[in-house]
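# Descriptive analysis of the structure
The primary structure of each chain is shown beneath.
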Amino acid sequence: MKLEARVPAGPLADKWKNFKASVRLVSPANKRKYEVIVVGTGLAGGSAAASLAELGYRVKSFCFHDSPRRAHSIAAQGGINAAKNYQNDGDSVRRLFQDTIKGGDFRSREASVYRLAEVSMNIIDQCVAQGVPFAREYGGLLANRSFGGAQVSRTFYARGATGQQLLLGAYAALNRQIGQGRVQMFPRHEMLDLVVADGKAQGIITRNLVTGELKAHAADAVLLCTGGYGNAYYLSTYARGSNATAIWRAHRRGAAFANPCFTQIHPTCIPVSGEYQSKLTLMSESLRNDGRVWVPKQSGDRRPAAKIPEAERDYFLERIYPSYGNLAPRDIASRAAKRVCDEGRGVGGSGLGVYMDFSEAISRLGQRTVQERYGNLFNMYHEITGENAYGAPMRIFPAVHYTMGGLWVDYHLMSNLPGLFVLGEANYSDHGANRLGASALMQGLADGYFVIPYTLGDYLSQQKPAGPKQAADTEAFWQATEDTQKRIQRLLGVKGKRPVSEFHRQLGRILWDHCGMSRSRKGLEQGIEAIRTLRQEFWQDVNVPGSGEDLNQSLEKAGRVSDFLELGELMCRDALEREESCGCHFREEYQTSDGECTRKDEAFAHVAAWEYAGEGKAAVRHAEPLKYEEVSLATRSYK
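The sections below set out a description of the structure shown in this document. (Residues numbered from 1 in each chain as written. Predicted model: local features only at pLDDT ≥ 70, side-chain atom pairs only at ≥ 80, totals over all residues. Heavy atoms only, no water.)

Next up on the list: helix α4 (residues 93-103). Every buried residue belonging to α4 is among V93, L96, F97, D99, T100, I101 and G103, and all of these are buried. The elements touched by buried residues of α4 are α5 (110-130) and α12 (440-460). Following α4 by one or two positions, D105 has its phi on the positive side, about 55°. (Buried < 20%, exposed > 50% of the residue type's maximum accessible area, 1.4 Å probe, protein only. Helix = DSSP H or I, 4+ residues; strand = E, 2+ residues; numbered from the N terminus. Contact = heavy atoms within 4.5 Å.)

Take a look at the structure:
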């Protein structure tokens, strides 16, 4: 397997500019002869489909929702980063780049991160032109607030519904292209396989979730924009339907899977309330601008928050990380919360929680100002917990929120399989071992609006346009359809006694216990063995009622959980092989005396990219070395 990053030559600040100046082009007349498949309609997929259709390509867009508006991007709350420096507080493209590299604990590709910071400013202009209602200052300028891992205010926001507003902007652009006939939309279709022929990605196999029909779709290029795989943990902040099937099936067809163990744990989630809870809800990181995080100083102190005097409170983030305080990066803040709970100082009935207190902000700013900034988030907290966060602190605890790992891509966002491009959270490229808050929306829109129009054209310019594709006429498409049908029949044919959700819940517990906020060699080895056993039980005793010829949500879930069972083992193995601590990957054997990460740059300053070796065979680990021209590898400190 060749992992050629294809980073342009020249100084870091000039790489993207030089690439755009020398990129190979497709003429407007020829663009109409190429067909492109885009799977996923979130920020990355929606913006990519709209942008490519606007350029003249014929686009097929697929989502498993009933509408593109249902994509999980709509759930993003706090904001989107951009180096506009509207606050005149010293921000710049280089500072955003440096914060992102440092935030990822020096485990991301330098050139890709610089490009992300560089195009961030264009994103805001694009979204304002689309009518996205960003918050504004009294004088009319766009407002900014701070997020973790930064000492400047660079996050643009629309109260606590930024993802929704950005997605509606992309959706409007996509709808315009649908109306003009340049995008053919396929809602309620799930991608179940990637078709590879002549060494290139040439199409996909989908299942109509309403009728059960399997259909092959051919194209000159395939774009996967299907989000992350955090639902492998069962309990997460992801939408219940979010899954890894598209990227995992592409991995089984030869696409390298990079850094699967890099899973972000977000520190401000509403704590688990019961054994049979099916998902978790995030409280935006933006709340940490005004919310102060604390626990009682005394272990076992179960008094209500109002009964604990100021002198007996430990504002532990402010104490440990005085330079950043409550805006310490997510991985660091999450581990700090776990430590104080492990010491017996957690709050709530389970003891797995810390307070996020707004009393000081309300006293300083007034409740009306706090409501203007965060009102919908406070309302959501009240709806879920029945508690009034204006009168008592919120209770929060870390939870799975994002995955930095994903399919390996080069600088062009193309996987090691020619013709297969991967955008947004589905790829691994920009965040390293930890994502800074408000950078996910930035990456998705950067990839879709400003990167893929150039890099896809560069690829297609070397492919002879063949006009409309006839997928069913080729052996590769027939074989992929047959393989998909066999997998469906295998799931239906087990006829066991245990529901799919039981296996998913057990897998999530294994991953959380052994490959969650804290990992160890012994725990990971136990996790791998437990997942293998669980996978055997799944194929012997799962109960999938109904048939594959109609709407069957149990079948949908079974296919996704079977993929999670395979991916979960790879996550643990990747964590086991990476014998260091970096970002969200915290190996207990590799830590400083005060509980911080100990990286091993001489051995692990690389991307781990895994090659699928076949059913029942161990995946093969490859490495892309990470070379830094303008960043000095340093111990990451926020103190």
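Moving on from the coordinates now.
The subject of this paragraph is the environment of E425. Note that E425 resides in the loop between β17 (420-422) and α12. Residue class for E425 comes out buried when judged on its relative accessible area of 17%. For E425, the contacting residues outside a window of four places in its chain are G227, G228, Y238, Y402, T403, G405 and Q443. Side-chain polar atoms of E425 contact the side chain of Y238, separated by 2.5 Å. (Polar contact = N/O pair within 3.5 Å; in protein donor to acceptor, adjacent residues only side chain to side chain.)

This brings us to the packing of aromatic side chains. Geometry of an aromatic ring pair is reported as the spacing of the ring centres plus the angle between the planes. Evaluation of the coordinates by the stated rule reveals 20 aromatic pairs. Seen in terms of ring centroids, W16 and Y411 are 6.2 Å apart; in terms of plane orientation they differ by 65°. Their pairing is edge-to-face. With W16 in helix α1 (residues 15-22) and Y411 in the loop between β16 (406-407) and β17, this residue pair connects regions lying 395 residues apart in the sequence. A residue is classified by how much of its surface remains accessible, and W16, at 2% relative accessible area, is buried. Residue Y411 is classed as buried on the basis of its relative accessible area of 1%. Between the aromatic rings of Y324 and Y638, the centroid separation amounts to 4.8 Å while the plane-to-plane angle is 80°, which identifies the pairing as edge-to-face. Remark: Y638 occurs in the segment after β21 (620-625) and Y324 occurs in the loop between α8 (316-320) and α9 (330-342); sequence separation between them is 314 residues. As far as the burial class goes, Y324 and Y638 line up, both buried. One aromatic cluster in this structure is built from W16, F19, Y411 and Y454. Over the ring of W539 we find R490; its NZ or CZ atom is 3.8 Å from the centre of that ring. Between the NZ or CZ atom of R560 and the centre of the ring of F64, over which it lies, the distance is 4.9 Å. (Phe/Tyr/Trp six-rings, centres within 6.5 Å; stacked < 30°, edge-to-face > 60°. Lys NZ or Arg CZ within 6 Å of the ring centre and 35° of its normal.)

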